[in-house]
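# Structural overview
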Amino acid sequence: MRMPDLFPDVAGSLELEPTAALVMEWAKDLYRTGNASLFCSRLDLSASHRMKQECDLICPWYPEVMMNRKWFIRLFATSLVSDAEGECQVVLLAAGKSPLALELFEVHPDRIVSVIETDIAGLEEKQEIYRAVAPEFADRIRCVHTDIYQKKETEKAIFATGMYDPKRPSVVVFEGISYYLPPGVSARVLSIFCSGSLKNAVILDSLLPCRLVREDRRYISRGIWGVSTGTAISGTRSPTARKRWMGCSHPPGVSRLRITQWMRWRGSGPERTGFFPPAMTDGSGSRLHGCKEGRSLRGCTAP
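All of these numbers come straight from a predicted model, not from anything done at the bench. Numbering of residues begins from 1 in every chain and follows the order in which that chain's sequence is written. Given that this is a predicted model, residues contribute local features only at a pLDDT of at least 70 and side-chain atom pairs are listed and counted only at 80 or more, while totals for whole chains, interfaces and linings are drawn from all residues. Heavy atoms from the whole structure form the basis of all side-chain values; hydrogens and water molecules are not counted.

### Examining the overall build of the chain
Along its length, the chain carries 13 helices and 11 strands. For the chain, the proportion of its 303 residues judged to be buried stands at 53%. Looking at the chain alone, contacts between residues at least 24 apart form 81% of all its contacts between residues at least 6 apart. Using a 1.4 Å probe, accessible areas were evaluated by the Shrake-Rupley method; residue-level cover was limited to the displayed protein chains. Carbon and sulfur atoms form 53% of the exposed surface of the chain, whose accessible area is close to 14100 Å². For the purposes of this entry, the term helix denotes a DSSP run of H or I that reaches at least four residues, the term strand denotes a run of E that reaches at least two, and both are numbered from the N terminus. Only protein chains enter the accessibility calculation, which uses a 1.4 Å probe; a residue whose area is less than 20% of its type maximum is buried, one above 50% is exposed, and one in between is partly exposed. Whether two residues are in contact is decided by their heavy atoms, any of which lying within 4.5 Å being enough.

This is the structure we're talking about:
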């Protein structure tokens, strides 16, 4: 059932750039109820149309991959908040236009003290939408502009909110960004959340190197990546180009889930879509990692 438009003055008011719009277009079926639905109704996804058409030609079921990822990150983050010792705080790095903060507050309104979101642009508008659609939670959300390439700038911006307490347990979500960054950049920004008591947790996703994906399935990741980034993945690259592509092997002591597990737990496949995409079994190369502080994420290599 369609949610009533309670705030027509801001409906569809935030225009997203093409890649961000594509991600939300793929995932929008996850956001059919509650504040997340109201939030997403304020997003203008029209910039995604051309890219989505191109991606549909490559892999018509690829939205399932995005929904699996976002569904399980929500489940995993909710579980970590439940398991935290007392009240906790959530940090969403490179948060984009995901309504994850609202989803977590709806499950754990009393366990989350604050949510801090960072990104390089568009967060003033996101904060305004939070105030419009979820005023009961908006005061506990702070959206701040910062570039995660700059560790000191990011750390300063997070602490400047006045809502981050290094003594409080933190759940840090690093979704959809690690494979765009050199491993050193990811390590530096995540080091902000180190503590003496090892009470924090990090969730991130990664992609396998192409060489570890079945050869007859590689066209999917190559094609989707090429459309979404405006580039093509080739078999050979210069040393400089190689540094920009990452895939993470299995770090010891870190929870790792292949996409087939996300799919099974979410209920995809025949009972949900009417078909079982064969490439999902071994072709996407997507993985989700959950790491308790004190255990290292290692093994980042270029595909």
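### Concerning the side chain of Glu 25
Within the secondary structure layout, Glu 25 lies in helix α1 (residues 18-27). Residue classification places Glu 25 among the buried positions, given a relative accessible area of 13%. Separated by 2.8 Å, the side chains of Glu 25 and Lys 28 make a polar contact. Residues contacting Glu 25, with those up to four places away along its chain left out, are Leu 45, Ser 48 and Lys 52. Polar contact criterion, stated in full: a pair of N or O atoms within 3.5 Å, where within protein one must be able to donate a hydrogen and the other to accept it, and residues adjacent in sequence count only if both atoms are side-chain atoms.

### Describing unusual backbone geometry
Positive phi is not limited to glycine here, since Ala 94 has a value of about 50°. Mapping Ala 94 onto the fold places it in the loop between β3 (88-92) and α5 (100-107). Residue class for Ala 94 comes out buried when judged on its relative accessible area of 18%. With phi around 55°, Leu 198 is a residue other than glycine that occupies positive phi space. Its place among the elements puts Leu 198 in the loop between α9 (183-190) and β7 (201-207). You can call Leu 198 partly exposed: its relative accessible area is 48%.

### Remarks on the pattern of salt bridges
Pairs may arise between side chains of opposite charge once their charged atoms sit close together. We count a salt bridge whenever a side-chain nitrogen from Lys or Arg sits within 4 Å of a carboxyl oxygen from Asp or Glu. Scanning the entire structure with this criterion turns up 13 salt bridges. The partner of Asp 29 in a salt bridge is Arg 32, and the shortest N-O contact between them spans 2.6 Å. The salt bridge involving Lys 126 is made with Glu 117; its shortest N-O contact spans 2.6 Å. Judged by relative accessible area, Lys 126 falls into the buried class, the value being 0%. Under the relative-accessibility criterion, Glu 117 is labelled buried at 0%. Within the structure, one salt-bridge network assembled from shared partners comprises Arg 69, Lys 70, Glu 175 and Asp 205.

### Details of the packing of α1 against helix α3 (residues 49-58)
It is the contact of α1 with α3, at a shortest axis distance of 9 Å, that shows an interaxial angle of 60°. Comparing their axes, α3 and α1 come out oblique. Of the two possible hands of crossing, α1 and α3 adopt the one that is right-handed. In this structure, α1 contributes Pro 18, Thr 19, Leu 22, Glu 25 and Trp 26 to the contact, and α3 contributes Met 51, Lys 52 and Cys 55. Charged means Asp, Glu, Lys or Arg here, nonpolar means Ala, Val, Leu, Ile, Met, Phe, Trp, Tyr, Cys or Pro, and polar covers whatever is left, Gly included. In terms of residue class, the contact of α1 with α3 is built from five nonpolar, one polar and two charged. Fitting a line to C-alpha atoms yields each axis, with helices limited to the stretch in contact; the angle taken between N-to-C directions then spans 0 to 180 degrees. In what follows, roughly perpendicular refers to angles from 65 to 115 degrees, roughly parallel to angles under 35, roughly antiparallel to angles over 145, and oblique to any angle outside these ranges. Here a crossing is called left-handed whenever its near helix is offset anticlockwise from the far helix by less than a right angle, and right-handed whenever the offset is clockwise.

### Considerations on α5
Structurally, the α-helix is built with 3.6 residues per turn, so residues lying three or four positions apart point the same way. Most of α5 is tucked away, with six of its eight residues classed as buried. Within α5, burial applies to Leu 100, Ala 101, Leu 102, Glu 103, Leu 104 and Phe 105.

### A short note on the environment of Ser 82
Note that Ser 82 resides in helix α4 (residues 62-83). Once the C-alpha coordinates of Ser 82 and Arg 111 are considered, the two residues, 29 residues apart in sequence, prove to be 7.7 Å apart.

### Considerations on the packing of α4 against α5
Close contact between α4 and α5 brings their axes to 10 Å; oriented N to C, the two are set at 45°. Judged on the interaxial angle alone, α5 and α4 are oblique. The hand of the α4/α5 crossing is right-handed. Contact residues: α4 offers Ile 73, Arg 74, Ala 77 and Thr 78, while α5 offers Leu 100, Glu 103, Leu 104 and Val 107. Class assignment for the residues of the contact of α4 with α5 results in five nonpolar, one polar and two charged.

### As for the side chain of Ser 195
Residue position: Ser 195 is located in the loop between α9 and β7. Reaching out from Ser 195, the side chain makes a polar contact with the backbone nitrogen of Leu 198 at a distance of 3.2 Å. In terms of polar contacts, Ser 195 uses its side chain to reach the side chain of Lys 199, at 3.3 Å.

### What about the state of the cysteines?
Only a pair of cysteine sulfur atoms within 2.5 Å qualifies as a disulfide here. According to the stated counting rule, one finds zero disulfides in the structure shown. With no disulfide of its own, Cys 55 lies 9.0 Å from the sulfur of Cys 59, the closest cysteine sulfur.

### Quick notes on the confidence of the model for the chain
Per-residue confidence for the chain gives a mean pLDDT of 78; residues scoring 70 or more make up 72%. Per residue, pLDDT measures the predictor's confidence, with a range of 0 to 100. Under a pLDDT of 50 for its full length, residues 296-303 has, in the predicted model, 34 contacts with residues more than four places off or in other chains.

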